Amino acid sequence: MALRWEAFLEEIRERGEYDTPQEAERSARVVLALLGAHLVGDVRAELAARLPETMALILLTPLQAAEPLSPERFVRATAAWVKGATEATALWDIGAVLSTVADAAGDRLMDRILFQLPPGYDLLFGRPTAGTRP
């Protein structure tokens with residue numbers, strides 16, 4: 001079942017310690033657009049079904065990455081999309097959004113999501129796997 005828009009943004013706002021829902025929404029839009037470019041097939045569709053409709057549409061936008069971004073490049077790309085962001089603030093934004101997404105996805109779907117992404121994304125989702133060190 002998909003999360004309600006308000007609940008989704010409130011969770012991101014709390015995790016990211018944003019002052020306004022608009023800041024949380026900005027982060028969610030950027031991070032989900034980049035994430036959507038890296039997921040394909042049923043995994044992408046199943047994740048979209050668990051997100052509020054507006055965020056699902058961003059995830060499903062037909063943008064495809066030419067090559068998978070490493071976690072480090074994902075952070076740099078996020079920073080480049082947000083005016084005034086640094087890699088540190090982008091990492092904070094990513095953590096707030098992707099940990100909320102991970103909770104919405106659940107363990108089984110998260111395993112499938114992480115299988116499609118380069119190693120190290122488990123840390124960005126706030127779900128380090130055994131043997132992963134920061």
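Let us look at the structure shown here. (Residues numbered from 1 in each chain as written. Predicted model: local features only at pLDDT ≥ 70, side-chain atom pairs only at ≥ 80, totals over all residues. Heavy atoms only, no water.)

1. Focus: helix α3 (residues 41-49)
An α-helix turns once per 3.6 residues; consequently, residues spaced three or four apart project the same way. For clarity, the threshold we go by: Whether a residue is buried, partly exposed or exposed follows from its accessible area with a 1.4 Å probe, protein chains only, as a fraction of its type maximum: under 20%, in between, or over 50%, in that order. Numbering of helices and strands runs from the N terminus; a helix is a DSSP stretch of H or I covering at least four residues, while a strand is a stretch of E covering at least two. Along the arc lie the directions from the helix axis toward the C-beta atoms. Note on contacts: a residue pair qualifies if any of its non-hydrogen atoms lie within 4.5 Å across the two residues.
Among the residues of α3, Val-43, Arg-44, Leu-47 and Ala-48 are the ones counted as buried. The arc that holds every buried residue of α3, seen down its axis, measures 130 degrees, which confines them to one face. Exposed residues lying more than 90 degrees from the buried face of α3 are Gly-41, Asp-42 and Ala-49. Buried-residue contacts for α3 involve α2 (21-36), α4 (53-60) and α6 (87-116).

2. A few points about the environment of Gln-116
The test is simple: In the analysis that follows, any N or O atom pair within 3.5 Å is treated as a polar contact, provided that within protein one partner can donate a hydrogen and the other can accept it, and provided that, for residues neighboring in sequence, both atoms belong to side chains.
Mapped onto the fold, Gln-116 is located in helix α6. For Gln-116, a relative accessible area of 27% gives the class partly exposed. Taking the C-alpha atoms as reference points, Gln-116 and Arg-26, 90 residues apart in sequence, are found 25 Å from one another. Not counting the four nearest positions on each side in its chain, Gln-116 is found in contact with His-38, Leu-39, Val-40 and Val-43. Separated by 2.9 Å, the side chain of Gln-116 and the backbone nitrogen of Val-40 make a polar contact.

3. Description of the packing of α3 against α4
In a pair of packed helices, the angle between the axes and the distance between the axes together describe the arrangement. Our working rule: Lines fitted to the C-alpha atoms define the axes, with helices restricted to the stretch that makes contact. Angles between their N-to-C directions range from 0 to 180 degrees. Convention used here: angles under 35 degrees read as roughly parallel, angles over 145 as roughly antiparallel, angles from 65 to 115 as roughly perpendicular, and any remaining angle as oblique. Crossing handedness: left-handed means the near helix sits turned counterclockwise from the far one by under a right angle, and right-handed means the same turn made clockwise. Only Asp, Glu, Lys and Arg are considered charged, only Ala, Val, Leu, Ile, Met, Phe, Trp, Tyr, Cys and Pro nonpolar, and every remaining residue, Gly among them, polar.
Contact geometry for α3 and α4: axes closest at 8 Å, N-to-C directions at 165 degrees. With respect to α4, the element α3 is oriented roughly antiparallel. Helix-helix and strand crossings are classified by hand; for α3 and α4 the assignment is right-handed. Residue-level contacts link Arg-44, Ala-45, Leu-47 and Ala-48 of α3 to Ala-56, Leu-59 and Leu-60 of α4. Residues of the contact of α3 with α4, tallied by class, amount to six nonpolar, no polar and one charged.

4. A closer look at the side chain of Ser-99
Counting through the fold element by element, Ser-99 comes out in helix α6. On the accessibility criterion, Ser-99 (16% relative accessible area) is buried. Here Gly-95 takes part through its backbone oxygen, which lies 2.7 Å from a polar atom of the side chain of Ser-99. If we skip the residues at most four places from it in the chain, Ser-99 touches Arg-15, Ile-94 and Phe-125.

All we've got here are geometric facts, nothing functional implied.
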